[in-house]
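Architecture and fold: a report
Below are the chains, spelled out letter by letter.
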Amino acid sequence: MNLNKDEIRVLILNENENKNEELFHLKKGYYLQIILSSSLTYKNIRFFTNYSNDNFQRNKYEEFQWISSSNNSFDRANRYVLIHCLKSGSFRYYFTIDGSNYKENRNGQGYFHISIDLILSNEILNPNSITCQTILSKCLGSYSEWLSRLEVSYHSGYNFLHFTPIQSLSEISNSSYSIKDHHKLNSLFQCSYEQIGKIIEEIYQKWNIFSLSDLVYNHVAIDCLLISNHPEITYNLINSPYLKSAVLLDSILIQFTRDIHEGKLLYKGISRDIKEDQFELIRKYLLDEQIPKYRLWEYYIVDIDRIIQEFHEFLSKENDCPEKSSNKKLEIEHKTYQRMKSSINFQSAKEIYFYQRKDFNEKNQWIKFACEDLKNDLINLNKNFIQNLNEKLSRAIDNCLKSFYYRFFSYDGPKYKQISFPSILFVPNYFSYPNQQFKHPDEINLLIENDTQYQTFLMAHNGWVINDDPRRNFANEGEDVYLCRDLIPWCDLIKLRFGSRSDDCPMLYSYMKEYTRLIAKTFHGCRLDNCHSTPIWFLQEMMDYAREIDTNFYINAELFTGNISIDNYYINQIGINSLIRESYRAFDPYQLGEMISIISQSNPIGSFLQLNISPLKSTKLYSLFYDQTHDNPSLIQRRSVEDLLPRSACVAMTNSPIGSNRGYDELIPHYIDVVHETRFYAKWGYKQQQVNEKTAMIAIRKALNHLHINLCQQGFTQLMIDQLSSSALLITRHNPINHQSILLIAHTSFYQSNEKWEYISSLTIEGIINEILFEGTIHHPQNEESVRDFQRSKTYLNGLEKTKIYFKEHVLIEQSRCIRLTSPNSPDYTGYRTIEFTDEFSPGSIIALQISLLPQISQSISNLKEMLNQFDNFQSEFFEIIRKLTLIDLQRILYRSSNEEQADGNGFDVYTIPDYGKLNYCGLQGLMSILEKIRLQNSLRHPLIVNLKQGNWLIDYIVNRLQIYSTTKQLSQWLEKAFSYVKTLTRVMIPVYFDLIITKTYRILLEHGWSLMTPFISQSSTFIRALAQTSIQLISIVPNARLPLLSSNLRQPQPIQDIDQQTMEQIQQCPSLAAGLPHFSSGIWRNWGRDTFISLRGLLLLTGRYEEARYLILAYAGCLRHGLIPNLLADGKNARYNARDAVWWWLYSISNYTNSVPNGYEILSDIVSRLYPTDDSPLQSVGLHEQTLSDVIQEILIRHIQSVKFCERGAGPLLDSDMTNVGFNNQIGIDLKTGFVYGGNQWNCGTWMDKMGSSNKAKNKGHPATPRDGSAIELIGLCRAILTWLIQMNKQGYYPYDSVQTSLSSGDEIDISFQKWIDQIDENFEKEFWIDLTNSSKYVNRKEIYKDTINSTFQWTDFQLRPNFLIAAVVAPEMFDKTHIWLALKQVEQILLGKYGIKTLDPNDYNYIGDYVNDDDSNDYKRAHGFNYHNGPEWLWLTGYYIRAKLYWSKQQDDPLIVEQTIAHIEKILSAHMELILSNDWKGLPELTNADGKLCPYSCSVQAWSSATLLEALYDLTQTKN
């Protein structure tokens, strides 16, 4: 598979999906790539399909194995299945998630279609290129005359012929679809199947015409010998006794006709010429007088006295009586539907009614009550049956009257004048009676009860039920279609009874299989007649058999369900290639245009070009779109003669298979009756009673068919339809590759035109009018040849002869009769072409124009294609430019937030799209988040598209912002050159090529970025790569948020030295890490010590950005003061030292650096230039006070052992307007008894939970929401981890100290070794922090958890369930008891774990508020101004630590099953994050969510540590699996 050239369509599997009613089409030779949605990513998915390159077996499913594109064995996010589509057909797939292979256990399913090969003259015919003509086979005459009659179709340009059934037809009706014998040919032909096959092959080879014929499975002719010998294959009263009441009703209605005919109802006021005002009289007569005589209800009700007597006898034989009754429901069983012989199941009745009653002890009493209860229920059931029957009979008579109205009064009905027995019945009969005798209902009433022979040969007719669900068999028991008279019957046809499998009716099955073989061996395809009433299982087996004979067997179907989903269901199940659709159903030009748009397999003009790797989108069903079918009435009669030409032209412009009916082109002005027509078609020739290219529309049809074929074969896949007037349609087909267009203007004539018509506005055209392909008009002089009084030939099917037709091809514009050009058309004229329509462009006229691009635009397209080719050539100029780009460059090109861009001071900001708003990023990601949706949904009215069409502002923006910087200038110049060609295109084309350039550039840039990272990133899944993008998004150089200068004595590599052009100060090009976007990206709010070093391992070390990580560590080292690094860096000049935890995260990051980076220990000897060598020293210049990083680290430990108290510099409202004075007082230290880090007070918040109240209204201003003073659990863990690392570094000779030696404030000297310090921590940790079941403190809310802090001012806060212990459990697992920590982790899973993040507080806690609203202005102390920031909302960065803790501690439980279950649990969590990061427009993970994973609008959309800790978790998972 070549990823750059092969066509690959990607289908995403989603949990619990059923796509059985969606269509997915692929061309043969394409690849189908199956991938998993995020929710399925880490599940045990097994994929099965019945696609096989061997012989197709519908029920044989093969499992396809997953292929991984990741080098990490655990990383299943990028698994895929690849199917090379080499075999045609409809194929089903399913998948399971429980590891089983059983189809019954499937979690999702669907179908995909692979196109068949239609090969003509060694060229594959696009299925949309089909132009089909229907031929009534019986009108071809003798076999020897077929070719002379079919030659008309050849000269008319058709490439498909549809032959109605060629089999022996009924001698009674002679209907084309009333087949007497499916195996024998119509005797009219005087030939064999073999001879027919030779003709079919000859017209294929000689004329390039495919042929198909009907397969009529559903019914047989009334005089078919098969049903005489095998009546069991029909619906008769032996196998379907439930039809008895319907038969009796049918006979009553027939007798009603006879009585009317004989004048017996004149006394009732009912005569042969019934009027509408007699309908109510008829209704009452039938429902109140006639039908009740026959007591139809007796077929459904029970004889209560008989049943009760038999039930009493049945119960008398029972020995035991149960104490309770069952909950079963009593049902009446009709069985053979004999009058008053319906019954019940006595065993079931016993369970319902026979049980011990309170206050009665004897069996006889229990039997008595049982019989009484049964009798009452039977009375009610009988009443219900009678009521239900009466409702159905009422509906039946209503349907009869509707049918009568259509046949006698409706404008589109046959308009009978009088009832006449037996030819014109009141309503058609539903049943075929033995010997075709309509007996009196009294006689039939006896026969259907007593005469088995009569019951056997009384058979149900087939028919059509309007708006019915075709998947049900309307003749089955309980459907009541025949009783309710819902059927439109075909009285010459008998419905066949297939059953539900081949064994149900083996004779019929084998008979139809042979019929299928004869058609499949003779023709290239079939038309499934009446597909909707044929059992699907049977159609599947027959069509599978046909495709065994011919793998490219084309299946067209007559299927009108009125429901797209049901249509699709049939198409998928059977493998149908197209469905019949009729333009006849459009009643005005607007509807015709809408129908063409719906049916066409086209995108709108201006749609984005499909990339070779793209999503597999559901498609429209393929329609064989007829201007007129052989079932439709003549459009000349229903519309006008003038309607035919514009209608056919419009249909020809449809991007789908099209068709017509023989006789349409010859202007035969009447319906060619499939039942009664006995004449033959005219032959091709130049004699009388023959047709040739000068006959009627024959030449026009040839031109239209050739146009249709060329449009489809040559890639005119885009479509636009407009109305120029109420009667004029403009249809444009556009080729998106060469940008040629074909315009058809059709002046329709849905109804008989007069001499005046609506004015058609002039038309402006963008491009050169190459030529008029053709123009034509049709007009029929009714005064010379009346359509109504048309004289039909007695010997052949003749058409109108007086019709005036003008048609000419390849017309010079100045010679056109239909249009005038009112503007220049020379190649050097760059304006619009304008045409006006002449008076000769009357209703019934068409004109087709070929339009091409202006020469300068064609040249631009050619130049653009050359530049676009560079995307596929790794040696191209484009790739040379890309290879020079660093990750910092990529941040500018792809991302960069509004604040960052403004901080650059070059006048740029994020781009604003009118009527949409600001983009998220200045870089390409801001656009791609929109372009991807536009491409997926084809949203060509999106404001971005509108903006591109209106002007070049966005193009100039992209180029100009990258032009400023030396490192991105070359890319800017390349884009500028490409866009210079784009700017010369027509405005509708600009978005198309803009998308191509941006999308391909974007994808290559992403790949380049990953290639600059470690194999853990570059060789992993989409998910890991997406997380790693946060490293690019957030690490950049921002002028107003620089790092402090590093020492000039730093060992190599050193940062690039530069001069700030605005301040002329010396600067170093050291990138910094934004805490989050968009809020924490520039100025003082960008560089947070805590956030930087929580994120450092995930975003810099695991991605391989070692140099940037080193600079960050050393920059913060230079700002050390009070034993702390800054919380907010602010260039180091205005740093705030109000975070007790940041320094421990910094130290922990150094340990990670030394463990991750080759020779990472060298950083310990790096020179640090101290800005504040003492707590009170003023800001020092770079280089004045330098020391090694090891000494800086040691100073931190010393200061903590000494215990430091200080007040923040600049304390007061200017520094922090919300903090109280006492809050600025800080303290840090080590408890020398326990070794625990401690610090803070109740008025400040020195850990990551740092929300300070700010609402006067709610009275929380100056109150920390989470002070966490005392000893915070995660700081103890970090401290212990650092001590362990320092011992290791000391032993290896990289760190010069193994203890802390210092003087205390008391004057005492102290010398504590790192190991002793660790021992103190380990000795006291579990004792102080674990809350066991015996803990009786009044503050305990939950047990078997770890305290969040100890020795806090409020005491009760120590006992809160918070997630901070997770950090300690990962960084310092040695402190924990493995049983205790596992119990605590279960509590987190059950109580704190959210969809994406971890709740920051126990939901049972009084202070818990799950939703964060920063601008809440209520007087609620717990909520106001977002006071609950860390008291409930679910923070994502903690999830990384939860995963790592669960993973590590599961392995300590000494149970492989626990590890396996834990990994499955983790993978489920990760799948949610994968979905989140891939689906949001920022392409990052947010800071937090509200309760239950609801997105929070006040959260940062991209947060550094959210992605960082997940990357760490995934890395740990990698190590575990590997």
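Now for a look at the structure at hand.

Criteria and thresholds
Residues numbered from 1 in each chain as written. Predicted model: local features only at pLDDT ≥ 70, side-chain atom pairs only at ≥ 80, totals over all residues. Heavy atoms only, no water. Helix = DSSP H or I, 4+ residues; strand = E, 2+ residues; numbered from the N terminus. Buried < 20%, exposed > 50% of the residue type's maximum accessible area, 1.4 Å probe, protein only. Contact = heavy atoms within 4.5 Å. Axes fitted to C-alpha atoms, helices over the stretch in contact; angles between N-to-C directions. Parallel < 35°, antiparallel > 145°, perpendicular 65-115°, else oblique. Left-handed = near helix turned anticlockwise from the far one by under 90°. Salt bridge = Lys/Arg side-chain N within 4 Å of Asp/Glu carboxyl O. Pairing = 2+ DSSP bridges.

Of note, Asn 1407 is situated in the loop between β60 (1398-1399) and β61 (1434-1435). Given the relative accessible area of 18%, Asn 1407 is considered buried. Leaving out residues up to four positions away in the same chain, Asn 1407 has contacts with Trp 1356, Gln 1360, Leu 1401, Lys 1422 and Asn 1431.

Moving on, we come to the packing of helix α36 (residues 1378-1392) against helix α37 (residues 1437-1451). Two elements in contact, α36 and α37, have axes separated by 10 Å at closest approach and are oriented at 140 degrees. Classed by the angle they form, the pair α36 and α37 counts as oblique. In this structure, α36 crosses over α37, and the sense of that crossing is left-handed. In this structure, α36 uses Lys 1378, Ile 1381, Trp 1382, Leu 1385, Val 1388 and Glu 1389 to contact α37, whose residues at the interface are Tyr 1442, Ala 1445, Lys 1446, Trp 1449 and Ser 1450.

In the structure shown here, the tally under the stated rule is 81 salt bridges. A salt bridge links Arg 1090 to Asp 1141, with the nearest nitrogen and oxygen atoms 2.8 Å apart. Of the two residues, Arg 1090 sits in helix α29 (residues 1089-1101) while Asp 1141 sits in the loop between α30 (1106-1117) and α31 (1142-1156), which places them 51 residues apart along the sequence. A residue is classified by how much of its surface remains accessible, and Arg 1090, at 2% relative accessible area, is buried. Since its relative accessible area comes to 0%, Asp 1141 is described here as buried. For the salt bridge of Lys 1399 with Glu 1434, the shortest nitrogen-to-oxygen distance reads 3.6 Å. With Lys 1399 in strand β60 and Glu 1434 in strand β61, this residue pair connects regions lying 35 residues apart in the sequence. Residue classification places Lys 1399 among the buried positions, given a relative accessible area of 9%. Where salt bridges share partners, they join Asp 214, Arg 527, Asp 529, Glu 558 and Asp 631 into one cluster.

Once that is clear, we can look at the sheet that holds strand β17 (residues 210-215). Reading around the barrel, the eight strands line up as β13-β14-β17-β24-β25-β26-β29-β30 and close back on themselves, with parallel pairing between neighbours. Each neighbouring strand pair of the sheet contributes to a mean axis angle of 30 degrees, computed without reference to strand direction. As defined by bridge partners, strand β14 (residues 160-163) adjoins β17 across four bridges and the pair is classed as parallel. If you follow Leu 161 over to β17, its bridge partner there is Ser 211. Relative to β14, helix α1 (residues 146-155) is tilted by about 130 degrees, and along the sheet it contacts β13 (131-135) and β14. Contacts from helix α14 (residues 589-599) reach β26 (578-582) and β29 (623-626) within the one sheet, and its direction differs from that of β29 by about 155 degrees.

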